[in-house]
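Examining the three-dimensional arrangement
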Amino acid sequence: MPLIVICGYPCSGKTQKAKLLEEYFHQEIALKGLSLKVHRFDDDALGFNKESYQNQHDEKKLRGAILAAAERHLTKDDVVILDSNNYIKGLRYQLYCISKAIPTPHCVIHVGTPKDLTIGWNANREYRYTDQTLLELLNRFEEPIGANRWDAPLFTSIYDDVPALPFEDIWEAVINKKPPKPNLSTVVNPVSSTNYLYELDRVTNQLSSEILSALQEGAGESGLIRLPSVASVPLNLRGRHLTIVELKRLRRMFMQINKTHHMNSISLDRIPELFVEYLNTSFNS
């Protein structure tokens, strides 16, 4: 069942709207006699708090917990509402990949609130973000764009909208909409899950070796690396120094997303392109 990703500035009213959406879904499920469960996860439910945003290590652990919650609970009988800042485009892309791999419908809800209003709301809270942390999060927010497949369908709700959300439209988009079907026309050589995972491991390992070789030869000084296996999509390092440890970690994450849901409906020929796209969005985050 669907994945609903809520994003917006800190202290923008996201949790209030997420709770109303959760309540609406419970009512509709009971009214229609459906056997669905609704799970809403906010930072507190995942074991994190506002202090987790004060250093990169804890924030990365939070993003990992968000991805893990989606992977664990997304099933044909479960609706998952992720009520967090979700302000990084790369994270939303990874969540989109998880939903597409199952496959299940997915949508993004953007709660739009002016910065000065969120600053005022934060200041009046007993348990709040530090001023520096809040300003950093506000400045780093990457607004969702409905034209991006990982942000679509996109529902934008202003902080003072009445009703709070387009509940019926969201229900229609994620419950009544059929799950996306694999595009079988792109499957050049259908393979078993075992062979698919073997090829997935082999191809990503080969690409990792190509990337490391290119770095050793001085490629990437301009920020772009063009790999022999992926002519269509250059690797964009965005001015960062990519280490072997980081590359291995990202490869493991990409492998885990694919292993969990057996994306063997995708042509093996597309794996290099998807892996490079995954790296690019990860670097951007």
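Residues numbered from 1 in each chain as written. Predicted model: local features only at pLDDT ≥ 70, side-chain atom pairs only at ≥ 80, totals over all residues. Heavy atoms only, no water.

1. A few points about the overall build of the chain
For the record, the criterion: Each helix corresponds to a stretch of at least 4 residues labelled H or I by DSSP, and each strand to a stretch of at least 2 residues labelled E; elements are numbered beginning at the N terminus. Whether a residue is buried, partly exposed or exposed follows from its accessible area with a 1.4 Å probe, protein chains only, as a fraction of its type maximum: under 20%, in between, or over 50%, in that order. The contact rule is simple, with two residues in contact once any of their heavy atoms fall within 4.5 Å.
Helix and strand counts for the chain come out as 9 helices and 7 strands. Burial statistics for the chain: of 285 residues in total, 49% are counted as buried. Once local pairs closer than 6 in sequence are excluded, the contacts in the chain between residues at least 24 apart make up 79%.

2. What about the confidence of the model for the chain?
What counts here: The predictor rates its confidence in each residue with pLDDT, a number between 0 and 100.
On average, residues of the chain score 84 in pLDDT, and 87% of them are at 70 or above. Confidence over residues 182–191 falls short of pLDDT 50; this stretch has 12 contacts with residues more than four positions distant or in other chains.

3. Side note on a nonpolar patch on the surface
Quick reminder of the rule: A patch consists of residues exposed above 30% relative accessible area that lack any salt bridge, with like charges linked at up to 9 Å and nonpolar side chains (Val, Leu, Ile, Met, Phe, Trp, Tyr) linked at up to 5 Å. A 1.4 Å probe and the Shrake-Rupley method give the accessible areas. Residues count as covered only by the protein chains that appear here. For salt bridges, the criterion is a side-chain nitrogen of Lys or Arg within 4 Å of an Asp or Glu carboxyl oxygen.
Together, Trp121, Ile158 and Tyr159 make up a nonpolar patch on the protein surface, roughly 250 Å² of accessible area in all. In this fold, Ile158 is placed in strand S5 (residues 154–158).

4. Quick word on the side chain of Glu59
Defined as follows: Whenever a nitrogen or oxygen atom comes within 3.5 Å of another N or O atom, the pair is scored as a polar contact, on the condition that within protein one atom can donate a hydrogen and the other can accept it, and that pairs from neighbouring residues in sequence are kept only if both atoms are in side chains.
Structurally, the position occupied by Glu59 is in helix H2 (residues 56–73). A residue is classified by how much of its surface remains accessible, and Glu59, at 4% relative accessible area, is buried. Engagement of the side chain of Glu59 in a polar contact is seen with the side chain of Arg140, the distance being 3.1 Å. Non-local contacts of Glu59, meaning those with residues more than four positions away in its chain, are made with Ser52, Tyr53, Tyr87, Leu137 and Arg140.

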